[in-house]
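Residue-level structural notes
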Amino acid sequence: MLAVAGGVFVVEAVSVIFQVGSYKLRKKRIFRMAPLHHHFELLGWPEPLIIVRFWIVSILLCIRSAQHLKLR
(Lines give C-alpha, C1' and ligand atoms only; values in the text may rest on other atoms or scores of the structure.)
Protein backbone atom coordinates (compact mmCIF):
# COMPACT_ATOMS: atom_id res chain seq x y z
CA MET A 1 0.00 0.00 0.00
CA LEU A 2 2.96 2.31 0.62
CA ALA A 3 4.11 1.88 -2.98
CA VAL A 4 0.66 2.94 -4.19
CA ALA A 5 0.48 5.98 -1.91
CA GLY A 6 3.93 7.12 -3.00
CA GLY A 7 3.36 6.06 -6.59
CA VAL A 8 4.79 9.21 -8.16
CA PHE A 9 8.03 8.80 -6.23
CA VAL A 10 8.19 5.11 -7.08
CA VAL A 11 7.71 5.85 -10.80
CA GLU A 12 10.41 8.55 -10.65
CA ALA A 13 12.87 6.13 -9.05
CA VAL A 14 12.00 3.27 -11.38
CA SER A 15 12.42 5.53 -14.41
CA VAL A 16 16.02 6.21 -13.35
CA ILE A 17 16.68 2.51 -12.77
CA PHE A 18 15.30 1.60 -16.20
CA GLN A 19 17.19 4.40 -17.91
CA VAL A 20 20.53 3.39 -16.41
CA GLY A 21 19.92 -0.32 -17.00
CA SER A 22 18.85 0.20 -20.58
CA TYR A 23 21.82 2.41 -21.35
CA LYS A 24 24.30 -0.02 -19.83
CA LEU A 25 22.83 -3.07 -21.57
CA ARG A 26 21.70 -1.74 -24.95
CA LYS A 27 23.41 1.67 -25.23
CA LYS A 28 19.95 3.13 -25.88
CA ARG A 29 17.88 5.46 -23.76
CA ILE A 30 14.24 4.86 -22.90
CA PHE A 31 13.54 8.47 -21.91
CA ARG A 32 15.17 11.65 -23.16
CA MET A 33 16.34 12.29 -19.61
CA ALA A 34 15.74 10.66 -16.27
CA PRO A 35 14.02 11.11 -13.82
CA LEU A 36 10.72 11.14 -15.61
CA HIS A 37 9.77 14.77 -14.91
CA HIS A 38 12.87 15.93 -16.85
CA HIS A 39 11.71 13.83 -19.82
CA PHE A 40 8.44 15.76 -19.87
CA GLU A 41 10.32 19.07 -19.63
CA LEU A 42 12.37 18.13 -22.70
CA LEU A 43 9.14 17.27 -24.54
CA GLY A 44 8.14 20.89 -24.11
CA TRP A 45 5.75 20.71 -21.17
CA PRO A 46 6.00 23.73 -18.87
CA GLU A 47 7.26 22.89 -15.38
CA PRO A 48 4.12 24.13 -13.52
CA LEU A 49 1.96 21.83 -15.67
CA ILE A 50 4.13 18.84 -14.79
CA ILE A 51 4.04 19.69 -11.11
CA VAL A 52 0.26 20.09 -11.01
CA ARG A 53 -0.31 16.83 -12.91
CA PHE A 54 2.05 14.96 -10.59
CA TRP A 55 0.15 16.44 -7.61
CA ILE A 56 -3.16 15.28 -9.06
CA VAL A 57 -1.84 11.78 -9.69
CA SER A 58 -0.32 11.68 -6.21
CA ILE A 59 -3.59 12.75 -4.58
CA LEU A 60 -5.54 10.15 -6.55
CA LEU A 61 -3.08 7.43 -5.57
CA CYS A 62 -3.27 8.45 -1.90
CA ILE A 63 -7.06 8.33 -2.02
CA ARG A 64 -6.88 4.93 -3.68
CA SER A 65 -4.56 3.54 -1.04
CA ALA A 66 -6.69 5.03 1.75
CA GLN A 67 -9.70 3.18 0.35
CA HIS A 68 -7.92 -0.10 1.05
CA LEU A 69 -7.56 0.67 4.74
CA LYS A 70 -10.01 -1.23 6.84
CA LEU A 71 -10.68 0.78 9.94
CA ARG A 72 -12.81 -0.86 12.58
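Scroll up for the structure.
Below: a short report on this structure. These numbers come from a predicted model, not from an experiment.

1. As for the overall build of the chain
Within the chain, the regular secondary structure consists of four helices and zero strands. Beginning at the N terminus, the succession of helices and strands in the chain can be written as α-α-α-α. C-alpha extents for the chain along the principal axes are approximately 50 × 30 × 10 Å. The proportion of buried residues among the 72 residues of the chain is 18%. Here the contacts in the chain between residues at least 6 apart in sequence split such that 37% fall between residues at least 24 apart.

2. Digging into the environment of Trp-55
Considering the arrangement of structural elements, one finds Trp-55 in helix H4 (residues 47-67). Spatially, the C-alpha atoms of Trp-55 and Ile-17 are 22 Å apart, while their sequence positions differ by 38 residues.

3. Thoughts on unusual backbone geometry
Along the chain, Ala-34 connects to Pro-35 via a cis peptide bond; the corresponding omega equals 0°. Looking at where Pro-35 falls in the secondary structure, it is placed in the loop between helix H2 (7-26) and helix H3 (36-42).

4. Some details on the side chain of His-39
One can find His-39 in helix H3. Once residues within four sequence positions are removed from consideration, His-39 is found in contact with Phe-31, Arg-32 and Met-33.

Parameters and conventions
Residues numbered from 1 in each chain as written. Predicted model: local features only at pLDDT ≥ 70, side-chain atom pairs only at ≥ 80, totals over all residues. Heavy atoms only, no water. Helix = DSSP H or I, 4+ residues; strand = E, 2+ residues; numbered from the N terminus. Buried < 20%, exposed > 50% of the residue type's maximum accessible area, 1.4 Å probe, protein only. Contact = heavy atoms within 4.5 Å.

Everything listed is a geometric property; what it means functionally is a separate question.
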